10 protein chains.
Amino acid sequence: MAEIETFPNPHPKRDYLIRHVAPEYSSVCPRTGQPDFGTIEIEYVADRLCLELKSLKLYLQTYRNEGVFYEDVVNRILDDLVAACKPRWLKVTGKFNPRGGIHSTVTAEHTKRRRRA
Amino acid sequence: MAEIETFPNPHPKRDYLIRHVAPEYSSVCPRTGQPDFGTIEIEYVADRLCLELKSLKLYLQTYRNEGVFYEDVVNRILDDLVAACKPRWLKVTGKFNPRGGIHSTVTAEHTKRRRRA
Amino acid sequence: MAEIETFPNPHPKRDYLIRHVAPEYSSVCPRTGQPDFGTIEIEYVADRLCLELKSLKLYLQTYRNEGVFYEDVVNRILDDLVAACKPRWLKVTGKFNPRGGIHSTVTAEHTKRRRRA
Amino acid sequence: MAEIETFPNPHPKRDYLIRHVAPEYSSVCPRTGQPDFGTIEIEYVADRLCLELKSLKLYLQTYRNEGVFYEDVVNRILDDLVAACKPRWLKVTGKFNPRGGIHSTVTAEHTKRRRRA
Amino acid sequence: MAEIETFPNPHPKRDYLIRHVAPEYSSVCPRTGQPDFGTIEIEYVADRLCLELKSLKLYLQTYRNEGVFYEDVVNRILDDLVAACKPRWLKVTGKFNPRGGIHSTVTAEHTKRRRRA
Amino acid sequence: MAEIETFPNPHPKRDYLIRHVAPEYSSVCPRTGQPDFGTIEIEYVADRLCLELKSLKLYLQTYRNEGVFYEDVVNRILDDLVAACKPRWLKVTGKFNPRGGIHSTVTAEHTKRRRRA
Amino acid sequence: MAEIETFPNPHPKRDYLIRHVAPEYSSVCPRTGQPDFGTIEIEYVADRLCLELKSLKLYLQTYRNEGVFYEDVVNRILDDLVAACKPRWLKVTGKFNPRGGIHSTVTAEHTKRRRRA
Amino acid sequence: MAEIETFPNPHPKRDYLIRHVAPEYSSVCPRTGQPDFGTIEIEYVADRLCLELKSLKLYLQTYRNEGVFYEDVVNRILDDLVAACKPRWLKVTGKFNPRGGIHSTVTAEHTKRRRRA
Amino acid sequence: MAEIETFPNPHPKRDYLIRHVAPEYSSVCPRTGQPDFGTIEIEYVADRLCLELKSLKLYLQTYRNEGVFYEDVVNRILDDLVAACKPRWLKVTGKFNPRGGIHSTVTAEHTKRRRRA
Amino acid sequence: MAEIETFPNPHPKRDYLIRHVAPEYSSVCPRTGQPDFGTIEIEYVADRLCLELKSLKLYLQTYRNEGVFYEDVVNRILDDLVAACKPRWLKVTGKFNPRGGIHSTVTAEHTKRRRRA
């Protein structure tokens, strides 16, 4: 798996909000083998580390040929990002293209301690 | 009636939000016999079970030739989904196409116990 | 005046939200005699009675040739609907087309007792 | 019927295009007696006379309580405006709100002689 | 099959354009048995007969439980409408909801003789 | 200065919200002498008096040839409207067209006592 | 009246299209004395002279306190701009804010000789 | 490579237009190895064969892990579809997500003989 | 560095909200040397000083040829504006154009003491 | 100046359309020294050479600190691109952000010989 790189938070004394939106997410449906498409939104309040943008892109690309369910992948991205940058707060939202005429969205979040921006 | 299938929640320790939007809902007006059209939105926090997407689609299709009032069908879908997956929280919204120049929306929700995402 | 008909709330044990949007409202300006146009939005939590949609449409049409001020008509619709269905909560919003280059919106609500969906 | 007033075209030597859009048209369905709503668009190249805007508004209001079919009213407005201002070219489009789930548009035009802007 | 009713064109001397848009079309996929959804647009220049709106709605509803391909149904609607009202020109467009992530549109037209509005 | 006229609140026992949006505001930049353009939004809960719409329009027009700063004019309109109708609550928002590539918005409010709709 | 300044066309051998859109036009209604608002669009193919942008802005501002009809002002702007820069082709479109619920647009153009971009 | 399947044109005597829009196209940049994303639009007038929708979807997926330039892939899809269904006319448009801040679109078409719908 | 000028708050007794949106922000990526683009939004409640608009524009332009990271520049703008006008509350949001297909937004705020409008 | 690189047209026998849209153009106003912003659109039919995307981006960036008028820069880009790839047809459109409240667009094109896609 691609490593998620980080860099030191340039303003660690302040709680502030960082948001990255990646509309080019794609994985594979574990049932049908067909490609799935969606947008992954990441919002977080950094503690001592910030997510490096290019490695984040490469990390999301590791799902491109993997079979994952919507409910699972959003939680796994959350766990991986939390492990990588140990944020004060982090939320992942996956908005997926319709399948069988139904649009799905999954949102999960993690809080270290309640000091949100 | 089509059975609503479920699968085990892959991340049951975390409260997280799942949302399915089905814009291809259709039923029949019990008064005029004319087809009604609308969008059904389902949001929930799973407990031990998640709603399986394909069976959810087939379940919503069972209303296609049934005569139901807006206020009734939203509550019945809520009851059926709650019975199927016993969620921590679940909300159903039906947004219906205009009839007689009036657009109608009905929203109902169920809470097991207050541990919402 | 057209009578506002009701039917028994099919799910009276649950607080749930019903919303009707009527974009084809028209009345007459009491000052100039010119027709006014707007959208009337009705949101409510039913108690034992629901508003019947067709009679609601006919009720709103009774204002078509009547001279009423914006501030007055929204409150009168609120009073009439509350009298007809005795809801737990009901809100009326009138959004009116611009007159003299100014768009106006009036919103009024009534609460029986605080048990909102 | 309200008279459609005109004023002398201030630039009669030039073919130029004038367009008036009236989104507050309303009449009555001759079958059901229910109010219809729509937008009337008028485009024309004046010859010696221009349509006076206020009398145009009053003219369109004369349909408010009249029962007319869509196909008929657009042609009648066309005939009346052509008679009033004798334009080089004039087109009327009626875009009507959906009835029975169907939106209708009717477009008719008149040309005096081919000297369009 | 529901008969498509007509009424005499109130302005037969003039070529003018009539357009009906029906966004509540639904049929069944002949392969999967799943419901299809779409919008049917009809544009025509009447000769001696106009399409009656309510019977048009009922005609389109006859496809609700029928299995038809997109390419076929648009041509069949075109043939049926041409047979019913013998127009100077008529065009049918079907815009269908995505299936397998692909949106499809089919457009077919019929001309009696070149006298279009 | 044009006097802001009022009329008796027709439903003074109820707290309800009135909103007027005037997108045709224009004044003059006190620095450059160039015209400024913007939209003034007024929201209020009337006590015993409502703002009369036509006099409100004329009042806003008094700024047309006056040199005022954004921060100042919103507060002055707030003060003038509060003085005229003594509302339970009133908010003024000025949204101004970009100058030097920067869009500005100023929002100020006044509360008599906390009984908001 | 403000003079419309010009500068030499930097590429006079090529027919190319220049378009300026001024959404901050305002004048006064000659009948009611009320301010009118609109957008003036200017498209042209320069010959030897181009319109200088700042003087164009100042020229349009000269109408701010003048009473002019829509049909007249568009033709007058056309005449003034043609006189100032003697273009190969020039078109003026005025799109005016609704008055009495009716939106108006007036379009006039001038061609020197048929060598349009 | 996935075979593009066809089925007999159900209305071969009439020239009519078929359009398929596939917003879930993805391939790989031949230079950087990074995934590219885009929408492929296909419009055609069938002769004796129509493109089967599911095999079209599978055909487009064959580019998912292939390195292709925009200019090349649109022409290759055009050639493959023309070979498969021998249409009277066919156009392919590829609209690609921005790379380096630049959005690219490529459009190519093929005509058998000039009998377009 | 350009100095951020201020002027006395014309209504210092009232907490009110001022918002400036600058969509023409540009800087340079410290890694690639490529220009970055974005929108800077500033919201604040002034104490005794307001930010002068022209100097604010010039201040934001000082970043045009500077290499800065998103997370850093938003906090630096916040610090500089707080130092310049000592507001009761101030928030800076940077919305940056996509890089590598990912859109980023950073939001930071400063509060002197909790007396927000 | 950055060199505009090209690569061999992979399908030179077919006339097909290539379009690149660069919304991150910026230069400097030659009068005020202030940065200008805009979008450059390039459409062309290649002959034997295609424009390489990355060098196109770098070429457009060469204007970042240069003072150029709108009318001039669009024609200069056109000349440079024509010189670089000798296309069958090429069009450049510059859409610039408003200055003094006026939006400007300039469009110029070059044709080698009339064999357009």
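As the structure is a prediction and not an experimental result, all values here were calculated from the model. (Residues numbered from 1 in each chain as written. Chains lettered and ligands numbered in written order. Predicted model: local features only at pLDDT ≥ 70, side-chain atom pairs only at ≥ 80, totals over all residues.)

A. Broad picture of the overall build of chain A. A count of helices and strands for chain A gives 2 helices and 6 strands. The N-to-C order of helical and strand elements in chain A reads β-β-β-β-α-α-β-β. Its C-alpha atoms give chain A a radius of gyration of 15 Å, near enough to 13 Å, the size a compact globule of 117 residues would have. Expressed as lengths along the three principal axes of its C-alpha atoms, the size of chain A is roughly 45 × 25 × 20 Å. Taking all contacts inside chain A whose residues are at least 6 apart in sequence as the whole, residues at least 24 apart take part in 73%. (Helix = DSSP H or I, 4+ residues; strand = E, 2+ residues; numbered from the N terminus. Rg over C-alpha atoms; globule rule 2.2 N^0.38 Å. Contact = placed C-beta atoms within 7 Å.)

B. Just the relation of the copies chain F and chain C, in detail. The two copies are related by a screw motion: chain F maps onto chain C through a turn of 72° and a shift of 0.0 Å along the axis, at an RMSD of 0.0 Å. Given the turn and translation reported, the copies of this chain are related as if by a five-fold rotation axis. (Least-squares fit on C-alpha atoms with pLDDT ≥ 70 in both.)

C. The arrangement of the environment of cysteine 85 of chain H in detail. All names here are of chain H. Looking at the secondary structure, you find cysteine 85 in helix α2 (residues 70-85). According to the C-beta neighbour criterion, cysteine 85 is buried, with 23 such atoms within 10 Å. In this structure the C-alpha to C-alpha distance between cysteine 85 and leucine 49, which are 36 residues apart in sequence, comes to 5.2 Å. Dropping the residues within four chain positions of it, cysteine 85 is found in contact with Thr6, Ala46, Leu49, Cys50 and Leu51. (Buried ≥ 20, exposed ≤ 12 C-beta atoms within 10 Å, placed from the backbone.)

D. Molecular detail of the interface of chain F and chain C. Every contact between the two is made by 18 residues of chain F and, on the other side, 15 residues of chain C. Elements with a minimum of two residues in the side of chain F that touches chain C: β2 (17-28) and α1 (53-61) of chain F. Per-class residue counts for the side of chain F that touches chain C are 11 nonpolar, 2 polar and 5 charged. Sheet analysis places strand β6 (residues 102-111) of chain C next to β2 of chain F, joined by 5 bridges and oriented antiparallel. (Nonpolar A, V, L, I, M, F, W, Y, C, P; charged D, E, K, R; others polar. Pairing = 2+ DSSP bridges.)

E. Geometry of the relation of the copies chain A and chain H. The transform that puts chain A on chain H rotates by 180° and translates by 0.0 Å along the axis, for an RMSD of 0.0 Å. Those values place the two copies in the arrangement expected of a two-fold rotation axis. Of all interface residues in chain A, 100% are interface residues in chain H too; the two copies therefore contact each other through one and the same surface.

F. Inspection of the interface of chain A and chain H at higher detail. Facing 7 residues of chain A, the contacting portion of chain H comprises 7 residues. Of all the secondary-structure elements, those providing two or more residues to the side of chain A that touches chain H are β2 (17-28) and β3 (35-45) of chain A. Looking at the side of chain A that touches chain H residue by residue, the classes come out as 2 nonpolar, 3 polar and 2 charged.

G. Layout of the pairing of β2 of chain A. Residues and elements named next belong to chain A. Alignment of β2 against β3, held across 10 bridges, turns out to be antiparallel. By the bridge assignment for β3, serine 27 is matched with aspartate 36. Linking β2 back to β3 in an antiparallel pair, the connection comprises 6 residues, with glycine 33 at a positive phi of about 75°.

H. Expanded view of the pairing of strand β6 (residues 102-111) of chain I. Residue and element names in this part refer to chain I. Relative to β6, strand β5 (residues 89-99) is paired through 9 bridges, and the arrangement is antiparallel. If you follow threonine 93 over to β6, its bridge partner there is threonine 107. Linking two consecutive strands that pair antiparallel, namely β5 and β6, is a turn of 2 residues; a positive phi of about 60° is found at glycine 100 within it.

I. Quick peek at the confidence of the model for chain A. All names here are of chain A. For chain A, the average pLDDT comes to 94, and 95% of its residues sit at 70 or higher. Across chain A, the secondary-structure element scoring lowest on mean pLDDT is helix α1 (residues 53-61), at 96, and the one scoring highest is strand β4 (residues 49-51), at 98. The ipTM assigned to the predicted complex is 0.92, against a pTM of 0.93. (pLDDT = per-residue confidence, 0-100.)

J. Representation of the arrangement of the chains. Over all C-alpha pairs, chain B and chain F never come within contact, reaching a minimum spacing of 23 Å. When C-alpha atoms are compared, chain G and chain H, though not in contact, are closest at a spacing of 23 Å.

K. Structural detail: helix α2 (residues 70-85) of chain G. Residues and elements named next belong to chain G. With 16 residues, α2 extends 23 Å between its outermost C-alpha atoms, agreeing within 8% with the 22 Å of an ideal straight helix rising 1.5 Å per residue. Buried residues of α2: Tyr70, Glu71, Val73, Val74, Asn75, Ile77, Leu78, Leu81 and Cys85, and no others. Immediately downstream of α2, the backbone of lysine 86 shows phi near 45°, a positive value. (Expected span 1.5 Å × (residues − 1).)

L. Main features of α1 of chain A. Residue and element names in this part refer to chain A. Buried within α1 are the following residues: Leu56, Tyr59 and Leu60. What you see down the axis of α1 is that its buried residues fit within an arc of 95°, all on one side. Next to the buried residues of α1 lie β2, β3 and β4. (Arc of directions from axis to C-beta.)

M. Inspection of unusual backbone geometry at higher detail. All names here are of chain E. The phi torsion at lysine 86 lies on the positive side, around 45°, for a residue other than glycine. Tracing the chain through its elements places lysine 86 in the loop between α2 (70-85) and β5 (89-99). We classify lysine 86 as partly exposed; it has 14 C-beta atoms within 10 Å.

N. Structural detail: the environment of tyrosine 44 of chain F. Residues and elements named next belong to chain F. Here tyrosine 44 shows up in strand β3 (residues 35-45). When the C-alpha positions of tyrosine 44 and proline 8 are compared, they lie 15 Å apart, and in sequence the two are 36 residues distant. Apart from residues no more than four positions distant in its own chain, tyrosine 44 is found in contact with Ile18, Pro87, Trp89 and Leu90.

O. View of the environment of serine 104 of chain E. By the secondary structure assignment, serine 104 of chain E is in strand β6 (residues 102-111). Since 24 C-beta atoms lie within 10 Å of it, serine 104 of chain E is described here as buried. The spacing of serine 104 of chain E and valine 74 of chain E is 30 residues in sequence and 12 Å in space, taken between C-alpha atoms. Other than its neighbours up to four places away in sequence, serine 104 of chain E contacts Tyr70 and Phe96 of chain E together with Arg19, His20 and Leu53 of chain H.

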